[in-house]
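What follows is the residue order along each chain.
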Amino acid sequence: MKLLVVEDEALLRHHLYSRLGEQGHVVDAVANAEDALYQADQYSHDLAVVDLGLPGMGGLDLIRQLRSQGKSFPILILTARGNWQDKVEGLAAGADDYVVKPFQFEELEARLNALLRRSSGFTQSRICAGPLLLDLNRKQATLDDQSLQLTAFEYRILEYLMRHHQQVVPKERLIEQLYPDDEERDPNVIEVLVGRLRRKLEADSGFKPIETVRGQGYLFTERCR
Ligand code: CA
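A brief report on the enclosed structure follows. (Residues numbered from 1 in each chain as written. Predicted model: local features only at pLDDT ≥ 70, side-chain atom pairs only at ≥ 80, totals over all residues. Heavy atoms only, no water.)

### Regarding the coordination of the calcium ion
Definition in use: For Na, K and Ca the donor cut-off is 3.2 Å, while for other metals it is 2.8 Å, and in both cases only N, O and S atoms qualify; water is not among them, so sites may look incomplete. Numbering of helices and strands runs from the N terminus, with a helix taken as a DSSP run of H or I at least four residues long and a strand as a DSSP run of E at least two residues long. Any residue under 20% of the maximum accessible area for its type is buried, any over 50% is exposed, and the rest in between are partly exposed; the area is computed with a 1.4 Å probe on protein chains only.
The coordination sphere of the calcium ion, as far as protein atoms go, consists of Asp8 (OD), Asp51 (OD) and Gly53 (O), spread over 2.2 to 2.3 Å. Between consecutive donor residues of the calcium ion, the sequence gaps follow D-x42-D-x1-G. Of this pair, aspartate 8 sits in the loop between strand E1 (2–6) and helix H1 (10–22) while aspartate 51 is found in strand E3 (residues 47–51), placing the two residues 43 residues apart along the sequence. Taking relative accessible area as the criterion, aspartate 8 reaches 33% and is therefore assigned partly exposed.

Here is the structure:
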């Protein structure tokens, strides 16, 4: 998933960037609200983590602005202010959840995963489509109960397509799932990865859930639940 992290404290920002990256996310990490608005305008994010105390525009105003621009991805607040009024104010501004600093990374991760599952309509930590099963926590796929050997990039593409099943996903959206910046944005890479993914899915079972929609992108045709 592609995440936006807004945190002015450099050490924590770096920590979030690397820990969330290790969890398989592509992270845009910025230090202020202005940069966050720019990133949100340029790219499609699946979730944002927003610190409330920021220099310049504060986290609450940032959240209000993102929502007024129609951004509907889940937003999790990081706050050093732990009283209930601040939490209520944050939720009222359009946030979905909050974590009070200092926090355990495991708690943050669990909350992020829950938000990501809910936002794509899945309440379990797994997604099924016919013979295919994705374990979202372990980042593993099985097909007909056999473990499917996928590279990290293949897994990310498969998870993204399944989360957006029965919708056409543009190639550019998939590229954003793999690379944090504009560099290396070669649509051919996506074609190669999708090709490999298809071969692995089809190999033993003949399962063909990924369709190419000419000039538009890819469609995961099976219903996921
Ligand atoms: Ca701060």
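### Structural notes on the packing of H1 against helix H5 (residues 105–119)
We apply this condition: Interaxial angle, 0 to 180 degrees, is taken between N-to-C directions of lines fitted to C-alpha atoms, where a helix line uses only the stretch in contact. Comment on the angle field: the value is read as roughly parallel under 35 degrees, roughly antiparallel over 145, roughly perpendicular from 65 to 115, and oblique elsewhere. We call a crossing left-handed when the near helix sits turned anticlockwise from the far one by less than a right angle, and right-handed when that turn is clockwise. Contacts between residues were defined by any pair of non-hydrogen atoms, one from each residue, lying within 4.5 Å. Amino acid classes used here: Ala, Val, Leu, Ile, Met, Phe, Trp, Tyr, Cys and Pro are nonpolar; Asp, Glu, Lys and Arg are charged; the rest, including Gly, are polar.
Where H1 contacts H5, the two axes come as close as 12 Å, and the packing angle between them is 60°. By the angle between their directions, the pair H1 and H5 is classed as oblique. Once H1 is placed against H5, the crossing between them reads as right-handed. Counted together, Leu16, Arg19 and Leu20 of H1 and Phe105, Glu106, Leu108 and Leu112 of H5 form the full contact between these two elements. The class makeup of the residues in the contact of H1 with H5 is 5 nonpolar, no polar and 2 charged.

### Regarding the side chain of lysine 101
To be explicit about the condition: Polar contacts here mean pairs of N or O atoms no more than 3.5 Å apart (in protein, one a potential hydrogen donor and the other a potential acceptor; neighbouring residues in sequence count only if both atoms are side-chain atoms).
Checked against the element boundaries, lysine 101 lands in the loop between strand E5 (97–100) and H5. Here the side chain of lysine 101 touches aspartate 51 through a polar contact of 3.1 Å, side chain to side chain.

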